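Remarks on the overall topology
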Amino acid sequence: MPSQPVGRIRRLAAPALVLVLVAGLFLIARLPSASADDRAAIASRFAFTELPIALPPGLPERTVRTVNPAYEHIRSWISSVGAAVALNDLDGRGGANDLCLVDPRSDAVIVTPAPDSGATYAPFVLDPEPLPMGPAIAPMGCTPGDFNLDGRMDLLVIYWGRTPVLFMQRGNAGTELSLASYHPVELIPQRDGGRAYTGPLWNTNAVAVADFDGDARPDIGVFNYFPDTQVLDSNGLPNVQMNDSMSHAQNAGGAHIMRWTGATTGPEPTVTYEEQPAIAPRYATGWTLAAASADLDGDLLPELYVANDFGHDRFFHNTSTPGRIRFTLAEGERGPFDPKSLVLGHDSFKGMSVDFADLSGRGRFDMFVSNITESWGLEESNFVWHNTATSPEDARAQLSRGVAPYENRAARRNLAWVGWGWDAKMADFDNSGQLAIVQATGFVKGDINRFNWLQELAMANDLMLREPKMWPNAEPGDDIAGSNPLAFWVREDNGRYVNLNAELGLDEEIPTRGVAVADTNGDGAQDFAVARQWGPPAYYRNGKPGDGNFLGLRLHRPVLGAADGTTGVSPAYGAQVRVTTADGKVQVAQLDGGGGHSGKRSFDVFFGLGAAGDRPVSTEISWRDLQGGTHRQTIDLTAGWHDFLLTTQAQETTR
């Protein structure tokens, strides 16, 4: 029989081993952070100057929305979205130096020149008159696009309280933009009900614009958050709901996939869409805040990621044919040591945004997804979905089996935790060939921290959640992650990322929502703009202009009527570019038709070249022509800006 001390040691051995393992795992998880000297050295590669964005005079500056009486005690929560921003070439002068903003303080959709960009027209508010509206309708986002393919940039505006509106740029509009330049058209045709809106009560927070079926026309995915109810109506029916689960909710407004069917041009241009049952209903009713698309398997049919606040995020393989849009669910594979929520399609986290880009610099599309990662609050994890496919053919084989070729690497990249995340965009701001990440953060700004109430809600029984009365108060004055600053993630030499917002002067404690990226003045350095929730939008000019170390591509197709002699060019939706620099590095990017949460980047395809910018760059362009035929062409290009017309060949043009 063992002695008493030996027996005590044996009894303590198991818990001691557990403590050792926990401590070891903690040390592994808590990767060493960059030193102050390292942070300063990395930050020296960047310089941004915040410039004010011109807004029309006389707009109101509210700080909370009017809501349905059932939501009155959580009106700050209901008022936590709506700020949006997009950068693009709206006036057709050749540079992506125009902004489309949604300012929730005034519920106005505003078109205005980017600061210090040379555009001269006065900022103005887009008015959908004569389309029916009402006091219980508020805009939530603005997506530029040439929807009738006439060579002029239109604007798709989404709302809470009604279906989207397309502001089509008139064929006789000049380059000095104004409200008169646009003709409003319903995305969903409505019965004539007079001046008051009586159509479907969509509450939309996300769109994805891409050529989903391969016919070279821009299709639209519209993703609704709340069910089709009177969310913002102070006299609305009490049938409004909240999510019926924190992680498995299926009672949202649902996904609507709209296929392009026809268009007209001229002084009153139009475009028509038909809704198609592209996604199985059981996968289409999460509470969606973001969506984005990119082609993984080389067929130029973009796959689709849907980020759901409540409900699993969803990834879909595109199995469409011309005229018939179809998406098939694909999910990640779970290993023996993988927590379920870190496997694509099985998460319980709060998906707030998604962006596709080649984060690893391997010529494959990775994804960055924002979630709620507030310390001492709801500490989930962002996702860095690392593309594990070895080739497009490998991706196609896996997707055909229902497998999404992604694994999460957020923690090992030090990108897992930031606060209450929102829109995020990956882009190369120092032309190094490595992408940085701008991430919007913050929820409700106030004076009294109410995170303890939200914690209690998060632990509540799902049976209680659907009823708004069961939610704790979130009223003016309450604060929930209201001091999170904008994040600016930069890669270190060891592969981890460091947030340099303080070093770069980007750490103002105002909740932000949308991020838009573009080289607004054509100097070879990407600038960005940020939409703030209940605060003025911000524009950040990049103070490190390109020095022969970037490749910028503007990719176009002929306008739709080119066969009858009509001239002009239109964005080449779905075009993809793969570059190989002289040092052997491969990068891939696409013409992004519009995805994410509430920020939309320009249509320019941009690569930083680093030290290899002094030698020709092998550039493979893949696209579909106006008849839907696929083409690939490899061209050696020098650094700088290049414009291409894509027909059956890629032909470089001059402006």
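Residues numbered from 1 in each chain as written. Predicted model: local features only at pLDDT ≥ 70, side-chain atom pairs only at ≥ 80, totals over all residues. Heavy atoms only, no water.

**Quick word on the domain arrangement of the protein**
For the protein, the domain assignment lists domain 1 (42-542) and domain 2 (550-652). Spacing between the C-alpha centres of domain 1 and domain 2 amounts to 24 Å. Of the residues lining the interface, 72 residues belong to domain 1; the matching set on domain 2 comes to 43 residues. Across the interface of domain 1 and domain 2, roughly 4100 Å² is buried in total on both sides, 51% from carbon and sulfur atoms. Taken as a group, Leu149, Leu300 and Phe365 account for 15% of the area that domain 1 buries against domain 2, more than any other trio of residues on that side. Inspection of the domain 1/domain 2 interface yields 1 salt bridge. Here arginine 601 makes a salt bridge to aspartate 355, at a shortest N to O gap of 3.0 Å. Scanning the region where domain 1 abuts domain 2 turns up 33 residue pairs in polar contact (both at pLDDT 80 or more). Elements supplying a minimum of two residues to the side of domain 1 that touches domain 2: strand E2 (84-88), strand E6 (138-145), strand E10 (204-210), strand E14 (287-294), strand E18 (353-357), strand E22 (421-427) and strand E28 (512-518). (Domains from an automatic or database assignment. Contact = heavy atoms within 4.5 Å. Buried area = accessible area lost by both parts, 1.4 Å probe. Salt bridge = Lys/Arg side-chain N within 4 Å of Asp/Glu carboxyl O. Polar contact = N/O pair within 3.5 Å; in protein donor to acceptor, adjacent residues only side chain to side chain. Helix = DSSP H or I, 4+ residues; strand = E, 2+ residues; numbered from the N terminus.)

**A closer look at the UniProt feature "domain: ASPIC/UnbV" (unreviewed entry) in the protein**
In the UniProt entry, the feature "domain: ASPIC/UnbV" (unreviewed entry) is given for residues 572-626. A helix fraction of 0% and a strand fraction of 44% characterise residues 572-626, whose end C-alpha atoms lie 9 Å from each other. (UniProt positions renumbered as here; feature names shortened; annotations may be inferred.)

**Describing the pattern of salt bridges**
Counted according to the given criterion, the structure contains 28 salt bridges. Salt-bridge contacts for aspartate 478 lead to arginine 450; the nearest nitrogen and oxygen are separated by 2.9 Å. Separated by 28 residues along the polypeptide, aspartate 478 in strand E25 (residues 478-479) and arginine 450 in the loop between strand E24 (448-449) and helix H5 (451-458) bring together distant segments of the chain. For the pair aspartate 478 and arginine 450, a shared accessibility class is recorded, and that class is buried. (Buried < 20%, exposed > 50% of the residue type's maximum accessible area, 1.4 Å probe, protein only.)

**Here's the deal with the environment of tryptophan 287**
Topologically, tryptophan 287 is positioned in strand E14. Judged by relative accessible area, which is 0%, tryptophan 287 ranks as buried. The spacing of tryptophan 287 and proline 227 is 60 residues in sequence and 8.9 Å in space, taken between C-alpha atoms.

**Looking at the nonpolar core**
Counting residues in each nonpolar core, the largest one holds 121 residues, and the members touching the most others are Trp77, Phe488, Phe528 and Leu555. Here the element with the most residues in this core is strand E7 (residues 154-160); it accounts for 6 residues. The residue makeup of this core includes at least three contributed by each of domain 1 (42-542) and domain 2 (550-652). Discounting residues that sit within four places of it in the chain, phenylalanine 528 has contacts with Phe48, Phe429, Val438, Leu486, Phe488, Leu506, Ala516, Val517, Ala538, Tyr539 and Tyr540. If you look at the next biggest cluster of nonpolar residues, it comprises 23 residues, including Tyr305, Phe365, Ala389 and Leu399. (Core = buried A, V, L, I, M, F, W, Y, C linked by side-chain atoms within 4.5 Å.)

**So, the state of the cysteines**
Scanning the model with the defined rule gives 1 disulfide in all. Between cysteine 100 and cysteine 142 runs a disulfide, and the two sulfur atoms are separated by 2.0 Å. One disulfide, between cysteine 100 and cysteine 142, carries an S-S torsion of 95 degrees and so falls in the right-handed class. In this pair, cysteine 100 sits in strand E3 (residues 98-103) while cysteine 142 sits in strand E6, placing the two residues 42 residues apart along the sequence. Relative accessible area serves as the criterion here: at 3%, cysteine 142 is assigned to the buried category. (Disulfide = S-S within 2.5 Å.)

**Description of the sheet that holds strand E37 (residues 617-624)**
If you trace the 4 strands from one edge of the open sheet to the other, you get E34-E33-E37-E38, paired in antiparallel fashion. Two strands in the sheet have a free side with no partner beyond their single neighbour: strand E34 (586-590) and strand E38 (630-637). The sheet shows a mean angle of 15 degrees between the axes of neighbouring strands, taken without regard to direction. Across 8 bridges, the pairing between E37 and E38 is antiparallel. Of the residues in E38, the one forming a bridge with tryptophan 623 is histidine 631. (Pairing = 2+ DSSP bridges. Axes fitted to C-alpha atoms, helices over the stretch in contact; angles between N-to-C directions.)

**Observations concerning helix H4 (residues 392-400)**
Taken residue by residue, H4 has Ala395, Gln398 and Leu399 as its buried positions. What you see down the axis of H4 is that its buried residues fit within an arc of 95 degrees, all on one side. Across from the buried face of H4, at angles greater than 90 degrees, the exposed residues are Glu393 and Ser400. Buried residues along H4 sit in contact with strand E15 (303-310), strand E16 (314-318) and strand E17 (327-330). Of the residues one or two after H4, glycine 402 is the one with positive phi, at around 85 degrees. (Arc of directions from axis to C-beta.)

**So, the side chain of histidine 642**
Structurally, the position occupied by histidine 642 is in strand E39 (residues 640-646). Setting aside residues no more than four positions away along its own chain, histidine 642 makes contact with Leu551, Gly552, Leu553, Arg554, Leu637 and Glu652.

**Quick notes on the sheet that holds E15**
Here we have 4 strands laid out as an open sheet, ordered E14-E15-E16-E17, and antiparallel in their pairing. Edge positions in the sheet fall to E14 and E17, since each of these pairs with one other strand and no more. Averaged over all neighbouring strand pairs, the angle between strand axes comes to 30 degrees, with direction disregarded. Where E14 meets E15, 7 bridges bridge the pair, whose relative direction is antiparallel. Residue pairing in the sheet places threonine 288 in a bridge with asparagine 308 of E15.

**Quick look at the packing of aromatic side chains**
Tallied over the full model, the rule gives 31 aromatic pairs. Ring centres of phenylalanine 46 and phenylalanine 488 lie 5.4 Å apart, and the angle between their planes is 75 degrees; on these two criteria the pair is classed as edge-to-face. One end of the pair, phenylalanine 46, is in the loop between helix H2 (36-43) and strand E1 (48-52); the other, phenylalanine 488, is in strand E26 (residues 487-491), with 442 residues separating them in the sequence. Accessibility classification places phenylalanine 46 together with phenylalanine 488 in one group, the buried group. Following the ring pairs from residue to residue traces out a cluster consisting of Tyr71, Trp77, Trp160, Tyr225, Phe226, Trp287, Phe310, Trp420, Phe443, Phe451 and Trp471. (Phe/Tyr/Trp six-rings, centres within 6.5 Å; stacked < 30°, edge-to-face > 60°.)

**Observations concerning the confidence of the model for the protein**
As a note on interpretation, predicted positions should not be read in detail where pLDDT is low. Chain-level statistics for the protein give a pLDDT mean of 93 and a share of 95% at 70 or above. This stretch, residues 15-28, has a pLDDT under 50; its non-local contacts, to residues over four places away or in other chains, come to 0 contacts. (pLDDT = per-residue confidence, 0-100.)

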